[in-house]
Every structure is written in structure tokens, then in C-alpha cells.
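Structure assessment
Chain residues, written in single-letter form:
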Amino acid sequence: MAQTDDEASVFRALADPTRRQILEDLRDGELAAGQIAARFTISGPSVSRHLKVLKEAGLVTERRDANRILYALVEDRLVICVGRFLSAVCPEQIVLRHTRWRTAPGTTDHEEV
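Figured I'd write up the structure that's included with this text. Owing to the predicted nature of the structure, the values given are computational and were not obtained by experimental measurement.

1. Quick word on the nonpolar core
Ranked by internal contacts, the top residues of the largest apolar core, which has 18 residues, are I22, L23, L26, I36, L54 and L59. Excluding residues within four positions of it along the chain, L54 makes contact with A13, R19, I22, L23, L59 and V60.

Written as C-alpha cells, this is what we have:
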């Protein structure tokens, strides 16, 4: 049951569009809290609360660099939790995703890559 509760925190964190946008913003690397806050029209304390939820869900890490707090995406955590859910709900799609198809020039046949 602990794993289910643990994964539930990830989905609760993903339920908010601001938090999803923060995760997208972090996909290219670390950002300082101020840089993240500057991307939104909401208050700094509101952004801090969103970052806290993401951190508690294990989706971001933070580290101090002098007087700045830098946040980074924890890709593995996101992939494992969402992937486990998708595998349980639609396993056929996971199999299809691992099979890539291409059309050879001049033909209509598909071959597995």
C-alpha cells in the first residue's frame, strides 16, 4: 500500500497545470527559484508552495548555491510512476511503443526496425 500512496503524491502533484509547467521548464536543466517564479504571474510564495509539492512528491530536487536554491527535474521518478500506471492501464500501447515501424521508399510494406 505504501507504493500506491507514494505514487498518488506524484499524480496529485501532476494535477495542477502550474506544477506541470514547472516540470516542463525544468526539462532542459536546473533553474533557480527566482527564475522559475519569473515565468509565472502568480506570487513568489505561491510558486514556492508548488515547488514544495513537487519536491515532496519526489519530482524535483533542490540544492543550494550560495544564496540561491536551484531546482532540477527527477526524470526517473516521473517516468517510473507514470510508466507503471500506463503499463497497468493500457499494456498494449506500451508494446506498440517499443515496436517502431517504417515504410521503405517505393513500397507500402512495413518492416520492424
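The structure having been displayed, the exposition proceeds.
2. Structural notes on helix α2 (residues 17–25)
Along α2, the residues classified as buried are T18, R19, I22, L23 and D25. For α2, the angular spread of the buried residues around the axis is 160°, confining them to a single face. Near the N-terminus of α2, the side chain that reaches the backbone nitrogen of T18, with its oxygen 2.7 Å away, is that of D16.

3. A short note on the sheet that holds strand β3 (residues 68–73)
If you trace the three strands from one edge of the open sheet to the other, you get β1-β3-β2, paired in antiparallel fashion. One side of each edge strand has no neighbouring strand; the edge strands of this open sheet are β1 (31–32) and β2 (60–65). In this sheet, β3 lies alongside β1 in antiparallel orientation, the contact comprising two bridges. Of the residues in β3, the one forming a bridge with A32 is L70.

Cut-offs applied
- Residues numbered from 1 in each chain as written.
- Predicted model: local features only at pLDDT ≥ 70, side-chain atom pairs only at ≥ 80, totals over all residues.
- Heavy atoms only, no water.
- Core = buried A, V, L, I, M, F, W, Y, C linked by side-chain atoms within 4.5 Å.
- Buried < 20%, exposed > 50% of the residue type's maximum accessible area, 1.4 Å probe, protein only.
- Contact = heavy atoms within 4.5 Å.
- Helix = DSSP H or I, 4+ residues; strand = E, 2+ residues; numbered from the N terminus.
- Arc of directions from axis to C-beta.
- Polar contact = N/O pair within 3.5 Å; in protein donor to acceptor, adjacent residues only side chain to side chain.
- Pairing = 2+ DSSP bridges.

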